[in-house]
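# Coordinates in review
Spelled out, the chains give:
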Amino acid sequence: MTNPPKRIAITGAAGNIAYQAMFRIAAGEFLGDQQPVALNLIDIPPAMPSLGGTAMELEDCAFPLLRDVLLSDDLEKGFGDADYVFMFGARPRGKGMERSDLIQENGKIFGPQGKAINDFSSRDVRVLVIGNPANTNALIALHHAPDLDPRQFSAMTRLDHERSRSQLAARTDQPVANIARMTVWGNHSPKMYPDIGYCTASGTPVRELVGTDWHREEFMPGIQQRGAKVIEARGASSAASAANAAILHMRDWVQGTPKNDWVSMSVLSDGSYGVAEGIVFSFPCQCSESEHAIVPGLELDAFGREQLKANEAELLSERETIADLLS
Ligand code: NAX
């Protein structure tokens, strides 16, 4: 018997990351090769002609699992009956734009979109915000979806998590598949805290293999600045790796994380680890059947606690900047 299709809404569908993500989703990399999918591709009116071209390409792939493709600049249609939402769509930072302007401008997008998800998507929808500033945009979206559980919303720090695993594999000379229990705490911004305190490489504590100086002086800034380095080299921001991380984030949320490991996910803080409630903060999370739980009880040293506080302060300040959008 064939499963009914799951409907996946993608905002910013004419953009770079979405272009790297949607073909993989349609090929079954997110929900598996037994699950038909329907795509709702959402963008703004000027992007519709280009999106039409992408839809032709999807058709030309003749993906066996792809049942239906809808293109829309209308939020009701776009988010209608969505089971999963990837929110890539955002305004890029323009010339002379301050970070606070960017936060304000993007905030205006995520309020109405959160409301449309609240009003028109499946009651069990799961939402991932990628568009920057992702954590605060997710906070705005979930705030405008009062009929849904805030736990149905998350923001992406998975790219930072995978970047970390890859660098640690290279440094310890271990296969990347054997790098476990990495944690990226905080905000998807250069303040994020890539923590190796519990991380293991083929079962050995990574901290013993790499040392504190390398962690703080090379690894941390390397991960925090990795996005900027990609832009410098490519002349464009990370797209394929961001799409990969978005698919992994959603796949693990739905299908579950491996036993004895966890992933980094930005979710609404419940006060765990002393982080203020009411901000979307990256925590170590374990997932099972579309639910996530913050891994409890990890010990942080004084340096780690300082890093969490700095991230908390940054996210509280971002929340202050968009306070009018939360009223
Ligand atoms: P692009 O500029 O290529 O695409 C953005 C798309 O969003 C465009 O097609 C634009 O028309 C659309 N858009 C703008 N306003 C919209 C609205 N109101 N409704 C629907 N669509 C709208 O950017 P891309 O490279 O795809 O990046 C997308 C976002 O991801 C950016 O905000 C980027 O900063 C962010 N990133 C987040 C990452 C993360 O780890 N959380 C990493 C990668 C990336 O930097």
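Notes on the structure in this doc start here. (Residues numbered from 1 in each chain as written. Predicted model: local features only at pLDDT ≥ 70, side-chain atom pairs only at ≥ 80, totals over all residues. Heavy atoms only, no water.)

## Comments concerning the overall build of the protein
In plain terms, the rule: Numbering of helices and strands starts at the N terminus; helices are DSSP runs of H or I of at least 4 residues and strands are runs of E of at least 2. Only protein chains enter the accessibility calculation, which uses a 1.4 Å probe. A residue is then buried if its area is under 20% of the maximum for its type, exposed if over 50%, and partly exposed in between. Two residues form a contact once any of their heavy atoms are found within 4.5 Å. To be clear on the numbers: accessible area is Shrake-Rupley with a 1.4 Å probe, and residue cover counts the displayed protein chains and nothing else.
Looking only at helices and strands, one finds eleven helices and 14 strands in the protein. Overall, the protein is about 50 × 45 × 40 Å in size when its C-alpha atoms are taken along their principal axes. For the protein, buried positions account for 53% of its 327 residues. The long-range share in the protein, meaning contacts at least 24 apart out of those at least 6 apart in sequence, stands at 73%. Of the roughly 14,500 Å² of accessible surface on the protein, 49% is carried by carbon and sulfur atoms.

## Comments concerning the site of the ligand
The condition is simple: Each residue is tested against the molecule or strand, and it is near if at least one of its non-hydrogen atoms lies within 4 Å. Side-chain atoms alone can form a polar contact between residues adjacent in sequence; in general such a contact is a pair of N or O atoms within 3.5 Å, and within protein one must be able to donate a hydrogen while the other accepts it. A 1.4 Å probe that fits but cannot get out identifies a cavity on a 1 Å grid over protein atoms alone, an open set with protein on both sides within 12 Å along at least five of seven lines counts as a pocket, and a residue lines either if it has an atom within 4 Å of a point. Any molecule with more than half of its atoms within 2 Å of a cavity's or pocket's grid points is counted as sitting in it. We call Asp, Glu, Lys and Arg charged. Ala, Val, Leu, Ile, Met, Phe, Trp, Tyr, Cys and Pro are nonpolar, and the rest, Gly among them, are polar.
Around the ligand lies a shell of 21 residues, among which Asn16, Ile17, Asp43, Ile130 and Asn132 are the nearest. In the environment of the ligand, a nitrogen atom lies 3.3 Å from a nitrogen or oxygen atom belonging to the backbone of isoleucine 130. Within the complex, the protein chains bury 82% of what would otherwise be the 880 Å² of accessible surface of the ligand. When atom positions are compared with the pocket grids, the ligand is found to occupy the largest pocket. Across the shell around the ligand, the residue classes tally to ten nonpolar, ten polar and one charged.

## Looking at helix H5 (residues 134-143)
Working note: α-helix, 3.6 residues per turn, so residues spaced by three or four point in the same direction. Of all the ten residues making up H5, nine are buried; the element is thus mostly covered by neighbouring parts of the structure. What H5 keeps buried is the set Ala134, Asn135, Thr136, Asn137, Ala138, Leu139, Ile140, Ala141 and Leu142. Turning to H5, the residues buried within the fold contact helix H4 (99-120), strand S5 (126-129), strand S6 (153-155), strand S12 (263-268), strand S13 (280-288) and helix H11 (302-321).

## Here's the deal with the layout of surface pockets
Quick reminder of the rule: Grid points are joined across faces, edges and corners, and a volume is the space filled by probe spheres set on the points.
Space inside the largest pocket adds up to approximately 1,400 Å³. Lining the largest pocket are 47 residues, with Ile17, Ala90, Gly131, Asn132 and Ser237 sitting closest to its centre. With four residues, the single largest contributor to the lining of the largest pocket is H4. Split into classes, the residues belonging to the lining of the largest pocket amount to 25 nonpolar, 15 polar and seven charged.

## Observations concerning the pattern of salt bridges
Threshold: Salt bridge, as used here, is a side-chain nitrogen of Lys or Arg placed within 4 Å of a carboxyl oxygen of Asp or Glu.
The tally for this structure, following the rule as stated, stands at 14 salt bridges. Here aspartate 252 ties to arginine 251 by a salt bridge, and the two come within 2.9 Å at their closest N and O atoms. Note that glutamate 312 is salt-bridged to lysine 309, the shortest N-O span being 3.1 Å. On the criterion of helical spacing, the pair formed by glutamate 312 and lysine 309 is a turn pair, its members being three residues apart in helix H11. Classification of glutamate 312 as buried rests on a relative accessible area of 10%. Among the residues examined, lysine 309 registers a relative accessible area of 45% and is labelled partly exposed. One salt-bridge network, in which partners are shared between bridges, spans Arg158, Glu162, Arg165, Arg251 and Asp252.

## Describing the sheet that holds strand S7 (residues 179-180)
Short version of the rule: A pair of strands is treated as paired once DSSP finds two or more bridges between them.
Pairing is antiparallel in the open sheet, where three strands are placed in the order S7-S10-S11. The sheet is open, and its two borders are formed by S7 and strand S11 (204-205), each paired with just one other strand. One ladder, built from two bridges, connects S7 with strand S10 (residues 200-201); its direction is antiparallel. Its bridge partner lying in S10, alanine 180 is registered against threonine 200.

## A few points about the packing of aromatic side chains
The following threshold applies: Geometry of aromatic contacts follows a simple scheme: Phe, Tyr and Trp rings, the Trp one being its six-membered ring, pair when their centres are within 6.5 Å, and the pair is stacked under 30 degrees between planes, edge-to-face over 60, tilted otherwise.
In this structure the tally under the stated criterion is eleven aromatic pairs. Where phenylalanine 30 meets phenylalanine 86, the ring centres are 5.6 Å apart and the plane angle is 90°; that geometry is what we call edge-to-face. Pair noted here: phenylalanine 30 is in the loop between helix H1 (16-26) and strand S2 (37-42) and phenylalanine 86 is in strand S4 (residues 84-87), with a separation of 56 residues, a long-range link. Phenylalanine 30 gets classed as buried once you look at its relative accessible area, which sits at 0%. For the ring pair phenylalanine 281 and phenylalanine 283, a centre distance of 5.1 Å and an interplane angle of 45° mean the geometry is tilted. Phenylalanine 283 shares its class with phenylalanine 281; the two are buried. Ring pairing ties together the aromatic residues Phe30, Tyr84, Phe86 and Phe88, which thus form one cluster.

## A word on the environment of histidine 188
For histidine 188, the location among the structural elements is in the loop between strand S8 (183-185) and strand S9 (193-195). Judged by relative accessible area, which is 22%, histidine 188 ranks as partly exposed. Along the primary structure histidine 188 and asparagine 132 are separated by 56 residues, whereas in three dimensions their C-alpha atoms are 8.3 Å apart. When residues no more than four places from it in sequence are discounted, the contact partners of histidine 188 are Asn132, Asn135, Met156, Thr157 and Asp160. For histidine 188, the side chain forms a polar contact with the side chain of aspartate 160, separated by 2.8 Å.

Just geometry here; none of it tells us what the structure is for.
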